[in-house]
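# Geometric and topological summary
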Amino acid sequence: MPGQSGKRGLTRRQVVGAGGAAALGFAAPWRYAAAAKVAPMTIVINQSPWFDSFRKTVELYEKETGNHVELDVNPFAGSLEKQRNSVRAANGQYDLLIMNSGWVAEMYFGGFVEPIAAIDPSFKLDPDVYTLDNTVYFDADKKTMSASGKLMSVPISPLIPLLYYRGDLYKEAGLKAPETFAELEANAKKLHKPPSRYGIVQRGARGPATVSYDFYPYLYGFGGGIFKNQAAGDYTVTLNNEAGRTALDYYLRIAKEAGHPQTASLEQAEVIQNMLTGKAAHIMVVVSAWSQMDDPDKSAVVDKVEFAVTPHAEGFSTGPGLGHWLGGIARNVPDDRKRSALEFLRWFQTREAQLAYTKVGGIPVSAASYRDPIAQERRYRWMKPLGEALPHAVNIYQFPEASEVISILELGLNQAVAGNSTSVQALNSMAEQIFGVMSKRSYNTGKLPALL
């Protein structure tokens, strides 16, 4: 079945069927006017909460264009490994690489992704498509992701976290949606009724990008950061400054006083499941889990969950970390398959495709979708806070060794959440190790005095 590890062709049965685009609310038949008949191609992608919506959208592409796509679906780490192996081979296996923000720089810096203009000089990114802190571009001369560079990819999923909270419980308790961390903590403690319900459920497990991703909104929302100024090439490690300590102390405190007793072992799916089963009053996870909240086959809290921008400390703005996904075309595949991959991306960025993507549970990458009347519907109540939060989203990593830094954060944060180290010990250790990585790679780096 699609969604499991291994290579899978698409059946095109579950979504479009005989109804095609009409089943998604478009005039029948909807045909992409510029569709070209192209060779079959393969997309390598990870299994995630948003995968099903992407699969359904690809099925629609197959139905409406007659072109064929295969998906190679893997766990998060497995997708990265397969992409690394494929792009370094003489002949690549995968045509379209669905790249996470954690390894996009590795693919750009390594020269593994073909600039889109080299495939089709006439291709233009739709002006409504979010460039997500310019991560779709790469300037090889300056070694930065900036608009001065070449277009390298097209956004697939503009993921950032939102705060999910139980609107019905808020109404009963006379609470308002929290804007600050102080308000979130107070509300979480008020709604904490263990073991039947936890005030907040957080992710604390170690993984490829698990507890670190959940910690970013706290770190940046308290005014902290991992480095001083990546955009300016200043990689001085600032993780273990006072803002970092305040953020981690808060994360640990709220987990202990209003959270799940097994936070250190919780993965993303388990955090989401706690909300779906009514066991959590708050969670802070990627927006792509929204569709599960109102799915009566999965959720016991249908129409009870509301969404808000992730909180921040007084005097700072929200700082959700980009955990987005971009579609880049492998350089080491035949030209006809490059054209096939680009044809899909050309179709995917259209208004109609983006609305279809939204209707099957996806997160649109086009601002046009957020202006559409669909954004006012109750079912899509997550779109307004997402639109407010995206301009504040932080591109956490702009260098190819990001996976090494993430591994350091995963271990250190998990140990702190598990109670095996104090926040100060964890921050000092992580900062020292990250400094070592950046020094070894000859970045302009430095470190702060250890916290006491």
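Residues numbered from 1 in each chain as written. Predicted model: local features only at pLDDT ≥ 70, side-chain atom pairs only at ≥ 80, totals over all residues. Heavy atoms only, no water.

### Section: the overall build of the protein
Looking only at helices and strands, the protein has 16 helices and 14 strands in total. Relative to its length of 452 residues, the protein is compact, with a C-alpha radius of gyration of 22 Å against a globular reference of 22 Å. Reported as C-alpha extents along the three principal axes, the dimensions of the protein are approximately 60 × 55 × 35 Å. Looking at the protein residue by residue over its 452 residues, the buried ones come to 61%. (Helix = DSSP H or I, 4+ residues; strand = E, 2+ residues; numbered from the N terminus. Rg over C-alpha atoms; globule rule 2.2 N^0.38 Å. Buried < 20%, exposed > 50% of the residue type's maximum accessible area, 1.4 Å probe, protein only.)

### Points about the packing of aromatic side chains
Scanning the entire structure with this criterion turns up 35 aromatic pairs. On the basis of an interplanar angle of 15° and a centroid distance of 5.4 Å, the ring pair of F181 and Y218 is categorised as stacked. Taken together, the residues span a long stretch of sequence, with F181 in helix 6 (residues 181-190) and Y218 in helix 7 (residues 211-221) at a distance of 37 residues. You'll find F181 and Y218 in the same group, each marked buried. An aromatic cluster is defined as three or more aromatic residues linked by ring pairs; in this entry it consists of W50, F54, Y61, F76, W103, W325, F344, W347, F348 and Y357. (Phe/Tyr/Trp six-rings, centres within 6.5 Å; stacked < 30°, edge-to-face > 60°.)

### Brief notes about the nonpolar core
Note that soluble globular proteins tend to have their nonpolar side chains buried in a common cluster. Among the nonpolar cores identified, the biggest contains 147 residues, and F54, Y164, F344 and W382 are the most heavily contacted of them. Residue contributions to this core peak at nine residues, all from helix 16 (residues 423-440). The residues that make up this core include at least three from each of domain 1 (2-159 + 322-381) and domain 2 (161-321 + 395-447). Residues contacting W382, with those up to four places away along its chain left out, are L162, V287, W290, F307, T358, G362, I363, P364 and Y370. (Core = buried A, V, L, I, M, F, W, Y, C linked by side-chain atoms within 4.5 Å. Domains from an automatic or database assignment. Contact = heavy atoms within 4.5 Å.)

### A short note on the domain arrangement of the protein
By domain assignment, the protein separates into domain 1 (2-159 + 322-381) and domain 2 (161-321 + 395-447). Between the C-alpha centres of domain 1 and domain 2 there is a distance of 28 Å. If you look at the interface, domain 1 gives 24 residues, while domain 2 gives 27 residues. Summed over both partners, the interface of domain 1 with domain 2 comes to about 2,100 Å²; 56% of that surface belongs to carbon and sulfur atoms. Taken as a group, P49, L322 and R381 account for 29% of the area that domain 1 buries against domain 2, more than any other trio of residues on that side. Our enumeration of links across domain 1 and domain 2 arrives at four salt bridges. A salt bridge links E306 to R378; its shortest N-O distance comes to 2.7 Å. On the surface where domain 1 and domain 2 come into contact, there are seven residue pairs in polar contact (both at pLDDT 80 or more). Taken together, the elements giving at least two residues each to the side of domain 1 that touches domain 2 come down to helix 2 (76-88) and helix 3 (104-109). Broken down by class, the residue content of the side of domain 1 that touches domain 2 amounts to 11 nonpolar, seven polar and six charged. (Buried area = accessible area lost by both parts, 1.4 Å probe. Salt bridge = Lys/Arg side-chain N within 4 Å of Asp/Glu carboxyl O. Polar contact = N/O pair within 3.5 Å; in protein donor to acceptor, adjacent residues only side chain to side chain. Nonpolar A, V, L, I, M, F, W, Y, C, P; charged D, E, K, R; others polar.)

### A short note on the packing of helix 7 against helix 15 (residues 402-417)
The interhelical angle for the contact between helix 7 and helix 15, taken along N-to-C directions, is 80°, at an axis separation of 8 Å. What the angle tells us is that helix 7 and helix 15 run roughly perpendicular. Two secondary-structure elements touch here, helix 7 through V211, S212, Y213, F215 and Y216 and helix 15 through I406, L409, E410, L413, N414 and V417. Class assignment of the residues belonging to the contact of helix 7 with helix 15 gives a composition of eight nonpolar, two polar and one charged. (Axes fitted to C-alpha atoms, helices over the stretch in contact; angles between N-to-C directions. Parallel < 35°, antiparallel > 145°, perpendicular 65-115°, else oblique.)

### As for the confidence of the model for the protein
The predicted coordinates ought not to be read in detail in places where the model reports low pLDDT. For the protein, per-residue confidence averages 91 on the pLDDT scale, and residues scoring 70 or more make up 92% of the total. A low-confidence stretch, residues 1-20 (pLDDT under 50), is modelled with 51 contacts involving residues beyond four sequence positions or located in other chains. (pLDDT = per-residue confidence, 0-100.)

### Here we look at the environment of L219
The residue L219 is located in helix 7 in this model. C-alpha of L219 to C-alpha of A243: the two residues are 24 residues apart in sequence and 7.3 Å apart in space. Every residue in contact with L219, bar those within four places of it in the chain, is listed here: G224, G225, I226, L239, G244 and A247.

### Let's talk about the sheet that holds strand 14 (residues 445-447)
The three strands are arranged 9-10-14 in an open sheet whose pairing can be described as mixed. This sheet does not close on itself; its edge strands, each paired only once, are strand 9 (227-229) and strand 14. Averaged over all pairs of adjacent strands, the angle between their axes in this sheet comes to 25°, without regard to strand direction. Relative to strand 14, strand 10 (residues 234-237) is paired through three bridges, and the arrangement is parallel. Paired with Y235 across the strands is T445, a residue of strand 14. With respect to the sheet, helix 16 is in contact with strand 9, strand 10 and strand 14, its orientation differing from that of strand 14 by roughly 160°. (Pairing = 2+ DSSP bridges.)

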